[in-house]
Structures are given as structure tokens and as C-alpha cells.
Amino acid sequence: MTSSDWIKRLEDFFQNNELDINWLENLENFCLRYDLNIKHLTEVLNDPKVIPMIRGKSFEFTVKDYLSSILSEKYYVTNPRLNAQTGLNDIDVSIINKGNQKKYSIECKLASKGSFRINLLGDPFLKIKCMRSRTLGEEAALQRSKVTGISFQALMIHNDQYTAKEFDLVITSIANSFFKTDSDGLFFWSPTLEAQFFLNNLGVRNQSEAFLKMYVAKSKNLAASQINEVRCTRQKCNDSNCNFIPNYPIIYFNRSSGQPLFPWISLDKIESLLD
């Protein structure tokens, strides 16, 4: 390949991926800053322990870009990039109303790997992996108890769970629920025949389209309470209104239309949950 061919290839790459011209320089600086050998970067990123973290973080930016493209001009969207602190919750994405400056905090969570199922009634469903990446230790629980007013005992029982008040909305992509794991521990796209029928009903033809099939729910509608009829999953919890979100909230779908059932809605209808 000639030098002119390489230049044309790079130009096409940047244009097709809408990348800033400084992208390569930024990547090189990142590797230098953290002593990463850029020659082995692909192998590092392709480690089974690393992939879920990268995909989860990348999903936050996917959500931000998608929301920016569909929301009306009265809103703007940011990735706050806050540092997680003891007793405080990191915000993945924020929506801000330009008029009244009201903020909506969003937690971005991918579907649980391989979780798509059809129940005995014929209803499709899948699970969302919605738990803390860092389990609360005693010190963090004490600090959070002071900030939130939730008892230390309750926080220790639910030390890997969120409360409904920590963010306003949860956004998910369904793609992970159709993945399996190979002998090396790597994910690969492998929907069953039942899953393929379900995806066809949604108009989804491939992995990329499944990844962009996103849904949103209010956090208060996912939390354990008698009003929601959501049960707490912790045996040691005796509070039917504890308001902790189960580790794996479920999205049920209408078997005929493929539409999600309450409290989930398609992400393109998110403005109905704002204001």
C-alpha cells in the first residue's frame, strides 16, 4: 500500500467515524500517561476482565450521543465525568432543561448477558444488570448513611444495590441479553431461534441494531415497594418499602407488538418522563 493510499484510508476513517483530527495524538498521549504499550493495546482491551468495564463506560457516551440527537432544543445532555466519592453516587449522564435548569440524572446499564427468555405464558423478557460496580464497605456505608439518612444496617444488607433516589432514570440496551461466552471467556453474539423471532418483531436485524435498541424507566418504578409491587430480593431485609433497586430489574414485552411493558418505554419517548 502506497503512502497516498494510507493517507486516503486515514481520511476515510476519520470522516466515517466523525473523529477529531487529534484523535490519534490523544490516544498516544493516553498510552504514554499510563505507561501503556500501544502495540499491545488491542490485546489489553480484549481481555475478558476488561471488556465489560469498557463496554459499560462506552455505553454512557452512546446514550449521551443518542439523547443529544433525539431530544428537543429545550434540553441539553452532558457526561458529568464526576469522580466517585465515598457516600456519593457517580452520575453517568445528565439531561438539563435549558429553561428552568432542572437536571435529570441517568444511570446507564447494559442488559445481563444471555438473559433473554420467554416465560410460560409466552411473554418475552430480559434482565438488566443494575448493581454497583463497587460494593459498599463499612466505612463507605457509614459515610453514605450520614448523607442519605438510610440506616447503616440497611446499607450493609443492600451493599451492592442502588436506592431509587440516587438517580432519576435508568437506560439500557438489550443487546447483551443475546450474547454468550466462548471457551476463552469472550462474548459473542448468538441469539436463539426464539430470540431471533423476537428481534425480527422489533425490526432488529443484527447486533449493531440491537445495541441501539434502548429503553428507559424511572428509578422509583424499579425499586422495591408495595406501590410498585416490586419485591426486595434480600432475605435479611424485612422492609417491603425499602426502595432499593434489585440487582436484575426485568423488562417484559408484549408478545404480539414487542413493545416494552410498564415501567419501561422506548428511549425515543423519554421526554414523556421529563418535567
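Residues numbered from 1 in each chain as written. Predicted model: local features only at pLDDT ≥ 70, side-chain atom pairs only at ≥ 80, totals over all residues. Heavy atoms only, no water.

Looking at the overall build of the protein
Then step 1. When you go through the protein residue by residue, the secondary structure sums to 8 helices and 11 strands.
Then step 2. Dimensions of the protein, computed from the C-alpha atoms along their principal axes, are close to 70 × 50 × 45 Å.
Then step 3. Intrachain contacts of the protein at a sequence separation of at least 6 include 59% that bridge at least 24 residues.
Then step 4. Accessible surface computed for the protein: about 16,900 Å², of which carbon and sulfur atoms make up 51%.
Then step 5. Distance between charge centres in the protein, computed from 33 positive and 31 negative side chains, equals 7 Å. (Helix = DSSP H or I, 4+ residues; strand = E, 2+ residues; numbered from the N terminus. Contact = heavy atoms within 4.5 Å. Areas by Shrake-Rupley, 256 points an atom, 1.4 Å probe, with all protein chains shown as cover. Lys, Arg positive; Asp, Glu negative; His and termini not counted. Charge placed at Lys NZ, Arg CZ, Asp CG, Glu CD.)

Observations concerning unusual backbone geometry
Then step 1. Here the residue pair phenylalanine 262 and proline 263 is connected by a cis peptide bond, since its omega of 10° sits within 30 degrees of zero.
Then step 2. Positive phi outside glycine occurs at glutamate 229, with the angle close to 60°.
Then step 3. Following the sequence through the fold, glutamate 229 ends up in the loop between strand 9 (214-218) and strand 10 (250-252).
Then step 4. On the accessibility criterion, glutamate 229 (70% relative accessible area) is exposed. (Buried < 20%, exposed > 50% of the residue type's maximum accessible area, 1.4 Å probe, protein only.)

Quick word on the sheet that holds strand 5 (residues 124-127)
Then step 1. Sheet architecture is open: 3 strands sit in the order 4-5-10, paired in antiparallel fashion. The strands lining the two open edges of the sheet, one partner per strand, are strand 4 (117-118) and strand 10. (Pairing = 2+ DSSP bridges.)

Details of the packing of aromatic side chains
Then step 1. Overall, the coordinates contain 12 aromatic pairs when judged by the stated rule.
Then step 2. On the basis of an interplanar angle of 35° and a centroid distance of 4.9 Å, the ring pair of phenylalanine 116 and phenylalanine 198 is categorised as tilted. In this pair, phenylalanine 116 is assigned in the loop between strand 3 (103-108) and strand 4 and phenylalanine 198 in helix 7 (residues 193-202), connecting sequence segments 82 residues apart.
Then step 3. Residue phenylalanine 116 is classed as buried on the basis of its relative accessible area of 7%.
Then step 4. Geometrically, the ring pair formed by phenylalanine 125 and tyrosine 252 is tilted, given 5.5 Å between the ring centres and 40° between the ring planes. Here the residue phenylalanine 125 occupies a position in strand 5, and tyrosine 252 occupies one in strand 10, the gap between them amounting to 127 residues.
Then step 5. Judged by its relative accessible area of 13%, phenylalanine 125 is buried.
Then step 6. Accessibility expressed as a relative area gives 36% for tyrosine 252, which makes it partly exposed.
Then step 7. Aromatic rings pair up to connect Phe116, Phe178, Phe179, Phe187, Trp189, Phe198, Tyr215 and Phe253 into one cluster. (Phe/Tyr/Trp six-rings, centres within 6.5 Å; stacked < 30°, edge-to-face > 60°.)

Geometric values such as these leave the question of function open.
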